[in-house]
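Coordinates in review
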Amino acid sequence: PVLAGGRAGGGGSGEGKALTEGGLGLPVLVSRALIGAEGDPEGGLVYVVRDISQRVAQEAELRDAKERAEGASKVKSEFLANMSHELRTPLNAILGFSEILQGEMFGPMGSKQYVDYAKDIHRSGQHLLSLINDILDLSKIEAGKQELHEEEIDLPALLRETAELVTTNARKEGLDFRVDVPDSLPSLWADRRALTQIVLNLLSNAIKFTPAGGSVRIGGEARAGGLAISVADSGIGMAKEDLKVALEPFGQVENVYSRKHQGSGLGLPIIKALIELHGGTLEIDSEPGRGTTAVAR
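Let us look at the overall build of the protein chain. A count of helices and strands for the protein chain gives 6 helices and 10 strands. The 297 residues of the protein chain split such that 32% are buried. Sequence separation of at least 24 residues holds for 59% of the intrachain contacts in the protein chain that already meet a minimum separation of 6. For the protein chain, the exposed area adds up to about 18100 Å²; of that, 54% sits on carbon and sulfur atoms.

Attention now moves to the sheet that holds strand E5 (residues 176-180). Reading across the sheet, the 5 strands line up as E5-E7-E8-E10-E9 and stay open at both edges, with mixed pairing between neighbours. Unpaired on one side and paired on the other, E5 and strand E9 (282-287) mark the two borders of the sheet. Mean inter-strand twist for the sheet, computed between neighbouring axes without regard to direction, equals 15°. Pairing between E5 and strand E7 (residues 215-223): 5 bridges, direction parallel. When the bridges of E7 are listed, Arg178 appears paired with Arg217. Here helix H6 (residues 267-277) sits on the sheet and contacts E9 and strand E10 (291-296); the angle it forms with E9, its principal contact strand, is near 145°.

Of the residues in the protein chain, 85% have a pLDDT of 70 or more, and the chain-wide mean is 81. Within the model, pLDDT remains below 50 along residues 1-9, and this stretch shows 22 contacts once partners closer than five positions in the same chain are excluded. A low-confidence stretch, residues 256-260 stays under pLDDT 50, and its non-local contacts, those more than four residues away or across chains, total 8 contacts.

Glancing now at the layout of surface pockets. Size it by volume and the second largest pocket reaches roughly 350 Å³. As for the second largest pocket, its lining consists of 18 residues, of which Leu188, Leu227, Gly280, Ala296 and Arg297 are closest to the centre. For the lining of the second largest pocket, the elements supplying multiple residues, two or more each, are strand E6 (188-191), helix H4 (192-208) and strand E8 (226-233). Take the lining of the second largest pocket: its biggest share by element is 4 residues, from E8. Its residues placed into classes, the lining of the second largest pocket shows 11 nonpolar, 5 polar and 2 charged.

So, on to the side chain of Ser31. Along the chain, Ser31 turns up in strand E2 (residues 25-35). Separated by 3.3 Å, the side chains of Ser31 and Arg50 make a polar contact. Ignoring any residue separated from it by four or fewer positions in sequence, one finds Ser31 in contact with Gly12, Ser13, Val46, Tyr47, Val48 and Arg50.

Ranked by internal contacts, the top residues of the largest apolar core, which has 41 residues, are Leu159, Leu203 and Val216. It is H4 that contributes the most residues to this core, 8 residues altogether. In this view, Val216 contacts Leu175, Asp176, Phe177, Arg178, Leu203, Ala206, Ile207, Thr210, Val231, Ala232 and Asp233; residues no more than four positions away in its chain are not counted.

Here the focus is the environment of Leu138. Among the structural elements, Leu138 can be located in helix H2 (residues 112-142). Overall, the relative accessible area of 7% leaves Leu138 in the buried class.

So, how was this worked out
- Per chain, residues are indexed from 1 in the order of the written sequence.
- Reporting in this predicted model follows two pLDDT cut-offs: at least 70 for local features of residues, and 80 or more for side-chain atom pairs to be given and counted; totals over whole chains, interfaces and linings ignore these cut-offs and use all residues.
- Computation of side-chain values covers all heavy atoms of the structure but excludes hydrogens and water.
- Secondary structure counts use DSSP, requiring at least four H or I residues in a row for a helix and at least two E residues in a row for a strand, with both numbered from the N terminus.
- Remark: exposure states derive from per-residue accessible area (1.4 Å probe, protein chains only) relative to the maximum for the residue type, with buried under 20%, exposed over 50%, and partly exposed in between.
- Residues are treated as being in contact if the distance between any of their heavy atoms lies within 4.5 Å.
- Per-residue accessibility takes into account occlusion by the displayed protein chains alone, with areas from the Shrake-Rupley method and a 1.4 Å probe.
- Whether two strands pair depends on DSSP finding at least two bridges between them.
- Axis definition: a line fitted to C-alpha atoms, limited for helices to the stretch in contact. Angles are taken between N-to-C directions and run from 0 to 180 degrees.
- Confidence per residue, as judged by the predictor, is encoded in pLDDT with a range of 0 to 100.
- Each cavity reported here is a set of points on a 1 Å grid over the protein atoms alone in which a 1.4 Å probe fits but cannot get out, each pocket an open set with protein on both sides within 12 Å along at least five of seven lines, and each lining residue one with an atom within 4 Å of a point.
- Grid points are joined across faces, edges and corners, and a volume is the space filled by probe spheres set on the points.
- Residues are grouped as follows: Ala, Val, Leu, Ile, Met, Phe, Trp, Tyr, Cys and Pro are nonpolar; Asp, Glu, Lys and Arg are charged; every other residue, Gly included, is polar.
- For this analysis, a polar contact is any N or O atom pair within 3.5 Å, provided that within protein one partner can donate a hydrogen and the other can accept it, and provided that sequence-adjacent residues contribute only side-chain to side-chain pairs.
- Here, the term nonpolar core denotes a set of buried Ala, Val, Leu, Ile, Met, Phe, Trp, Tyr and Cys residues that are joined through side-chain atoms within 4.5 Å.

Set out below in structure tokens:
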């Protein structure tokens, strides 16, 4: 075996192969120790040879298992991405024709109940399309196919514009919705679509899980090392163990309130992945009954 290190320091060690009587190379770890001072006739070198074949075999098994797991994950992501594309085609037809029916574009349908059914079909189709889009987004990110098209973004303007998209819904739910975004925020180099999706998802989650009479606030500030976009609510909150579940793909936190608002369980994982693609981090501080504060740094 070839040993690492020299006489300086009294010894060294290294891995190599030891030939057995059958000519097989046995993985070994060889350690060397210097006995006595250099030049001492009573001194010398002591070599200890250890058989590490079991450790080497275990490491090889772990590598194989890791490669198999990564391969399975890639196949899953590609399958979900392909399936999502296949589902979109008939779903777009369902949405389009249900719009025609509820608008009675080719004349009255004869009964108001048919119009209501068409509205239900359209509403259900939009919900299904939202789930498919979430699956497709996460699949692209996991497969490493999510591309960022970054540009200089006026952050205060983008935050206010995105907040406007949910203002009506927040007030309809009886919430105190506040936008606390200073004009002094610097511009941000980011993907506009991804950043809008991050902010919109955080706001939608806050509104969804905050009962009437509660509050939701979006803010932003420049901090050492970057920018922080925060969304705080006074909603139901989550325990630490529930937060871990919510950050896992398809994770569903089980409680009475959340069961009324079922989704794909992909909102937070997608937000986290998009933030990390930008070199940022997602921090969530939450406590049951006291609300949640999410900060995208």
